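# Structural overview for review
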Amino acid sequence: VAEHDPDDTGATVELVLADLRAQLPAADPADLRAQLPGLEADRRLTDWGRSERIERALDRTVYDFLYHYWFRVEVEGVENVPSEGGALLIANRAGTIPSDGAMIAKAVGTKHRHPRPVHLISGSNLKRAPGVGMLLTKAGLVSPHPANLHRLLFDEQALALAFPEGPVAARKPLRERYRLRRFAGASLIESAIRAQVPIVPVAVLGAEESQPALGRLGRLRRLARLPALPGPPLPAKFRIRFLEPARTADLGERAWEDRKFVQTLTEDLRALIQENVLELVANRRSVWFG
Amino acid sequence: MPAASRILIVGLSSPWGGALAQVLERDAEIDAIVGVDTLDPRHELQRTEFVRVDVEQARLRRIINAAGIDAVVATRPDQAREIVAACTEPTVRKLVFASSALYYGCDADDPAFFTEELARTRPPGSARERELLDAERRIDEFATRNPDRAVTVLRFADAVGTAVREPLQSLLSLPVIPTILGFDPRCQVIHEDDAVGVLAHATRNELRGIYNAAADGVLALSEAASLLGKPALPVLPPWGTIAAAVQLRRLGFRIPVELLRQLRFGRGMDNRRLKATGYQYRYTTREAIVKLRVHQRLRPLLRSGDAGYRYEREVEEFLRWSPSVQSAPNRSGDHGGDGAERPAYDDLNPDELIELISSLDIDALRRLRSYELSHRARTTVLEALDRNLARMNAE
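Residues numbered from 1 in each chain as written. Chains lettered and ligands numbered in written order. Predicted model: local features only at pLDDT ≥ 70, side-chain atom pairs only at ≥ 80, totals over all residues. Heavy atoms only, no water.

### Remarks on the pattern of salt bridges
The full count for this structure, using the stated rule, is 40 salt bridges over all chains. Linking Arg155(B) and Glu136(B) is a salt bridge whose minimum nitrogen-to-oxygen distance equals 2.8 Å. Highlighted residues: Arg155(B) in strand E6 (residues 150-156) and Glu136(B) in helix H4 (residues 127-145), separated in sequence by 19 residues. For the pair formed by Arg155(B) and Glu136(B), the shared burial category is buried. Several salt bridges converge on common partners, so that one network encompasses Glu74(A), Glu76(A), Lys237(A), Arg239(A), Arg241(A) and Glu279(A). (Salt bridge = Lys/Arg side-chain N within 4 Å of Asp/Glu carboxyl O. Helix = DSSP H or I, 4+ residues; strand = E, 2+ residues; numbered from the N terminus. Buried < 20%, exposed > 50% of the residue type's maximum accessible area, 1.4 Å probe, protein only.)

In structure tokens:
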């Protein structure tokens, strides 16, 4: 079986995104945010299907262990995450199991002055898998449909975290680590501009060594329909740097329709994260001890 | 545009058609209500005229012309072609079409909340879905070609309630709720009262375009099951689900293909556009499910009340046209007035009964109390009723 060309996949992703973009709901003159239903008191799940209980259980056990003892996360600039209102956080690379996503969410949840829940945005074929898909939804994973992003960022004014390199990045070989792929998720940036919420770039160090893609097992990977095979996360030292947010509030209501502008901003953000990641790499002495 | 006052309901014998007619009858501003269907209406109606015909263009045109109909409410997607053709008559200024969430389908890549502009992720997989999409396309064409007519499309979520015979409701009515192993789909419903309320709202007001009609809140199926007090059992395997469903059919329970997909991926809808037009839902999804539980528990008690109404043409015509009729017939909602036979209720032992009482609403409590008082007047039951009434009054 021939190896799948990553660029080809990128193009497919772009096509799908273009399709989705065409389906984006038109801006409604009346502000529908007032009509958003509240959560009834005795509900165990949110309307998204997210379960406080499962999330808290994961947080207290797995995430806590990973955060403090396994990855020994260090955080910089967490104050760049706004205390209120929606914001889109974008970071480099998601592993197959997005442990880096959980670590970033935990950093905001523990280090921030106003700890807030972070909604993890990730498109994954795992959603179709029995058991796993159900758990991912309950743990708070949201698929990257533009309508979902708009609802989170604009209507609910929530924090969303996405990995715009897309699923392709999860299987870049170890020697290409910390070289950011072209952002497949231009629609992520577009959604943030449309919702007029700030975009917070996040540079993560350590994640790309903690879960190296096991390239040789391509056939097995395809059999399991995964972007990459999940290996056990290695105890690399994590350093998370939240960068100065890009404000989009005064760009106007129609800025998101300007493709060129969106692409320029996307490229700028990618360059910014790349620069910071390289700086972090340059300043560390050891992969494992930081 | 003045409000519609002469209304044609296509599909009067469907649960919503009949209930809508009942609601509209109470509205003094509405001069005429005509209903067509092939079956007898199941709702007792006072002034609605029932015409038993096959829905067919030429006949509909004649009825519309003769009655000067200005608004058409259609509840059947399979008849869209005939309805749309008949609506080109000059008197018709409004068309309300009841579509359903089947339009959106269910898929893993779906957005969590469908808004009206979004299309389905996958092409339709069943005849029912194709038919619905085709109907909506016809309605949409009609709307663009006739900008002077107000066309409303309502996409209803799965309905629950006493009169509903829909797949999801039948699934929720089983003693054990079958699920697909490893899936806990999100589901959103609409209570039957709200479904009728939304139809009446769309008939009275001018809403142009498409509106989702679904209650606030999206539950997971497991949540719904526990609200109903029933176990959810993963009897369907994640692979070969259809084959397993065929086996279930042999056991007497039929799960349509659309419902199988829904049991896998679930669906949520954004209902805010309709709320912004001023419609207020009476029940959230959770409340609708709780209401369904009450209904499911009380059904054995009230079964005798169900056989209340049967359409008989001679009687209906007599009531409407005979000069001897002095006043409108008494059409009260509860058929179980005093003196009605309720063997199931009277046979119930007090302990069982007291269990059920806590899930009744205040009206039902009062009715039950007066019934109990005039029949067996068991002190334990009366005391329990009084306790619950006192609690309700305190709240």
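### A word on empty space enclosed by the protein
Taken as a whole and judged by the stated rule, the model has seven cavities of 30 Å³ or more. Here the largest cavity is characterised by a volume of approximately 410 Å³. Along its surface, the largest cavity is lined by 29 residues, and Lys127(A), Thr137(A), Ala108(B), Arg186(B) and Phe265(B) are the ones closest to its centre. The greatest single-element share of the lining of the largest cavity, amounting to four residues, is contributed by helix H4 (residues 132-138) of chain A. Looking at the lining of the largest cavity, its residues break down into 13 nonpolar, eight polar and eight charged. Roughly 50 Å³ of volume is contained in the second largest cavity. If you trace the second largest cavity, you find it lined by Pro37(A), Asp47(A), Arg151(A), Phe113(B), Gln188(B), Asp216(B), Gly217(B), Val218(B), Met269(B), Asp270(B), Asn271(B) and Arg272(B). Here the lining of the second largest cavity is built from residues that sort into four nonpolar, three polar and five charged. (1 Å grid on protein atoms, 1.4 Å probe; cavity = no way out; pocket = protein on both sides within 12 Å on 5 of 7 lines; lining within 4 Å. Points joined across faces, edges and corners; volume = space filled by probe spheres on them. Nonpolar A, V, L, I, M, F, W, Y, C, P; charged D, E, K, R; others polar.)

### Focus: the sheet that holds E6(B)
All names here are of chain B. Taken together, the seven strands give an open sheet; going across it, the order is E3-E2-E1-E4-E5-E6-E11, and neighbouring strands pair in parallel fashion. Edge positions in the open sheet fall to strand E3 (49-52) and strand E11 (209-213), since each of these has one partner strand only. The average undirected angle you get between the axes of adjacent strands in this sheet is 20°. The pairing of strand E2 (residues 32-37) with E3 spans four bridges and is classified as parallel. Looking at E3, one finds that valine 36 is bridged to valine 51. Across the sheet, helix H6 (residues 192-204) touches strand E1 (6-10), strand E4 (71-74), strand E5 (94-100), E6 and E11, and the angle it forms with E6 is around 170°. (Pairing = 2+ DSSP bridges. Axes fitted to C-alpha atoms, helices over the stretch in contact; angles between N-to-C directions. Contact = heavy atoms within 4.5 Å.)

### Quick look at the sheet that holds strand E1 (residues 74-76) of chain A
Residue and element names in this part refer to chain A. With mixed pairing, seven strands are arranged side by side in an open sheet as E1-E7-E6-E2-E5-E3-E4. A single partner strand is all that each edge strand has here, and the edge strands are E1 and strand E4 (141-142). Here strand E2 (residues 87-91) pairs with strand E6 (residues 199-205) via four bridges, running parallel. Considered in E6, the bridge of leucine 88 is made with isoleucine 199. The sheet contacts of helix H9 (residues 259-282) involve E1, E2, E6 and strand E7 (239-242), and relative to E6 the element is tilted by about 30°.

### Things to note about the packing of aromatic side chains
One pass over the full model with this rule turns up nine aromatic pairs over all chains. Plain terms: the ring middles of Tyr104(B) and Phe114(B) are 4.4 Å apart, the flat faces sit at 15° to each other, and that makes the pair stacked. On the criterion of sequence distance, the pair formed by Tyr104(B) in the loop between E5 and H4 and Phe114(B) in the loop between E5 and H4 is long-range, its members being ten residues apart. Under the relative-accessibility criterion, Tyr104(B) is labelled buried at 1%. Relative to Tyr281(B), the ring of Tyr279(B) has its centre 5.1 Å away and its plane inclined at 85°; by these criteria the two rings are edge-to-face. A residue is classified by how much of its surface remains accessible, and Tyr279(B), at 7% relative accessible area, is buried. Taken together through their ring pairs, the aromatic side chains of Phe65(A), Tyr69(A) and Trp70(A) make up a single cluster. (Phe/Tyr/Trp six-rings, centres within 6.5 Å; stacked < 30°, edge-to-face > 60°.)

### Describing the interface of chain A and chain B
When the parts of a complex come together, some accessible area is lost, and that lost area is often taken as the interface size. Facing 31 residues of chain A, the contacting portion of chain B comprises 36 residues. Carbon and sulfur atoms make up 53% of the area that chain A and chain B hide from each other, which totals about 2800 Å². It is Gln35(A), Arg128(A) and Pro130(A) that lose the most area in chain A upon contact with chain B, and together they represent 21% of the buried surface on that side. Taken together, the connections running from chain A to chain B amount to six salt bridges. One salt bridge in this structure joins Lys138(A) and Asp184(B), with 2.6 Å as the shortest N-O distance. (Buried area = accessible area lost by both parts, 1.4 Å probe.)

### Quick word on the packing of helix H5 (residues 146-155) of chain A against helix H6 (residues 186-195) of chain A
All names here are of chain A. In the contact formed by H5 and H6, the axes pass within 9 Å of each other and the chain directions differ by 40°. Viewed along their axes, H5 and H6 adopt a mutual orientation that is oblique. In this structure, H5 crosses over H6, and the sense of that crossing is right-handed. Between H5 and H6, the residues in contact are Pro146, Leu149, His150, Leu153 and Phe154 and Leu188, Ser191, Ala192, Arg194 and Ala195, respectively. A class-by-class count of the residues in the contact of H5 with H6 yields seven nonpolar, two polar and one charged. (Parallel < 35°, antiparallel > 145°, perpendicular 65-115°, else oblique. Left-handed = near helix turned anticlockwise from the far one by under 90°.)

### Here's the deal with the nonpolar core
One broad trend across soluble globular proteins is that nonpolar side chains are buried collectively. Residue and element names in this part refer to chain B. Phe156, Val198 and Leu199 are the most contacted members of the largest nonpolar core, which has 36 residues in total. Residue assignment for this core shows that the elements contributing at least two residues are E1, helix H1 (15-25), E4, E5, E6, H6 and E11. Counting residues per element, this core draws most heavily on H6, at six residues. Not counting residues up to four positions away in its chain, the partners in contact with phenylalanine 156 are Trp16, Ala98, Ser99, Ser100, Ala101, Ile190, Ala195, Val198, Leu199, Ala213 and Met269. (Core = buried A, V, L, I, M, F, W, Y, C linked by side-chain atoms within 4.5 Å.)

### A short note on helix H2 (residues 52-70) of chain A
All names here are of chain A. If you look at H2, its biggest bend is around 45°, right at aspartate 59. Along H2, the residues that are buried comprise Glu55, Leu66 and Tyr67. Close packing links the buried residues of H2 with E1 and helix H3 (99-111). Directly after H2, the chain includes arginine 72, whose backbone phi takes a positive value near 40°. (Bend = angle between axes of the 7 residues up to and from the residue.)

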